[in-house]
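Read off the chains here:
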Amino acid sequence: MRPPSDGGRQPAWEREERRSLVPLACRACGSHVQVQKFSWQHTSVQWTSEVRAGCPELRDEAQAVGVCGALRDTVEQAALDGVVPVFDPAADRTTREAR
């Protein structure tokens, strides 16, 4: 059974499908993560403990925030190149337009 639609617009399950996670490899270390961009400012990254341990910037537990500059740059470039779609909630569409 599919989730209900949202007031006659595109069904919620279709919108969620468009925003699915995209596999991406970091250009610096090659670690593979799953990425989703909800806007140019909001990014979701999923990685395993093995990937975190293999990342030169994240394997140090002192880096509690979990931010890798190289991965951030990789995701941003992938979004600009259209590899990672950016969901534009204001327009309710996926866009490749620059910030």
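Cut-offs applied
Residues numbered from 1 in each chain as written. Predicted model: local features only at pLDDT ≥ 70, side-chain atom pairs only at ≥ 80, totals over all residues. Heavy atoms only, no water. Core = buried A, V, L, I, M, F, W, Y, C linked by side-chain atoms within 4.5 Å. Buried < 20%, exposed > 50% of the residue type's maximum accessible area, 1.4 Å probe, protein only. Helix = DSSP H or I, 4+ residues; strand = E, 2+ residues; numbered from the N terminus. Expected span 1.5 Å × (residues − 1). Contact = heavy atoms within 4.5 Å. Pairing = 2+ DSSP bridges. pLDDT = per-residue confidence, 0-100.

Topic: the nonpolar core
In step 1: Counting 14 residues, the largest nonpolar core has Leu 24, Val 33, Val 35, Cys 68, Leu 71, Val 75 and Val 84 as its most contacted members.
In step 2: Broken down by secondary-structure element, the contributors of at least two residues to this core are β1 (22–25), β2 (32–37) and α3 (69–80).
In step 3: Looking at this core, the element that brings in the most residues is α3, giving 4 residues.

Some thoughts on α3
In step 1: Taking 1.5 Å as the rise per residue, α3 with 12 residues should run 16 Å; its terminal C-alpha atoms sit 17 Å apart, in good agreement.
In step 2: Those residues of α3 lying buried are Gly 69, Ala 70, Leu 71, Thr 74, Val 75, Ala 78 and Ala 79.
In step 3: Following α3 by one or two positions, Gly 82 adopts a phi angle in the positive range, close to 85°.

Some words on the environment of Val 67
In step 1: With respect to the element layout, Val 67 can be found in the loop between α2 (49–54) and α3.
In step 2: Val 67 sits in the partly exposed class, given a relative accessible area of 32%.
In step 3: Spatially, the C-alpha atom of Val 67 lies 7.8 Å from that of Glu 57, the residues being 10 residues apart in sequence.
In step 4: Residues contacting Val 67, with those up to four places away along its chain left out, are Glu 57, Leu 58 and Arg 72.

What to know about the environment of Arg 59
In step 1: Relative to the helices and strands, Arg 59 resides in the loop between α2 and α3.
In step 2: For Arg 59, a relative accessible area of 48% puts it in the partly exposed group.
In step 3: Expressed as a C-alpha distance, the spacing of Arg 59 and Ser 49, which sit 10 residues apart in the sequence, is 9.2 Å.
In step 4: Contacts of Arg 59, omitting those with residues within four sequence positions, involve Arg 52, Ala 53 and Gly 54.

Details of the pairing of β1
Each regular strand displays side chains that alternate between the two surfaces of the sheet.
In step 1: Taking every second residue as pointing to the same face, the buried face of β1 carries Val 22 and Leu 24, while none of Pro 23 and Ala 25 on the other face is buried.
In step 2: Where β1 folds back on β2, the antiparallel hairpin that results is connected by 6 residues, among which Gly 30 adopts a positive phi of roughly 80°.

Some remarks on the confidence of the model for the protein chain
In step 1: On average, residues of the protein chain score 76 in pLDDT, and 62% of them reach the 70 mark or higher.
In step 2: Within the protein chain, the element-level pLDDT minimum falls on helix α1 (residues 12–18), averaging 51, and the maximum on β1, averaging 96.
In step 3: Of the regions scoring below 50 in pLDDT, residues 1–6 engages in 6 contacts with residues more than four places distant in sequence or in other chains.

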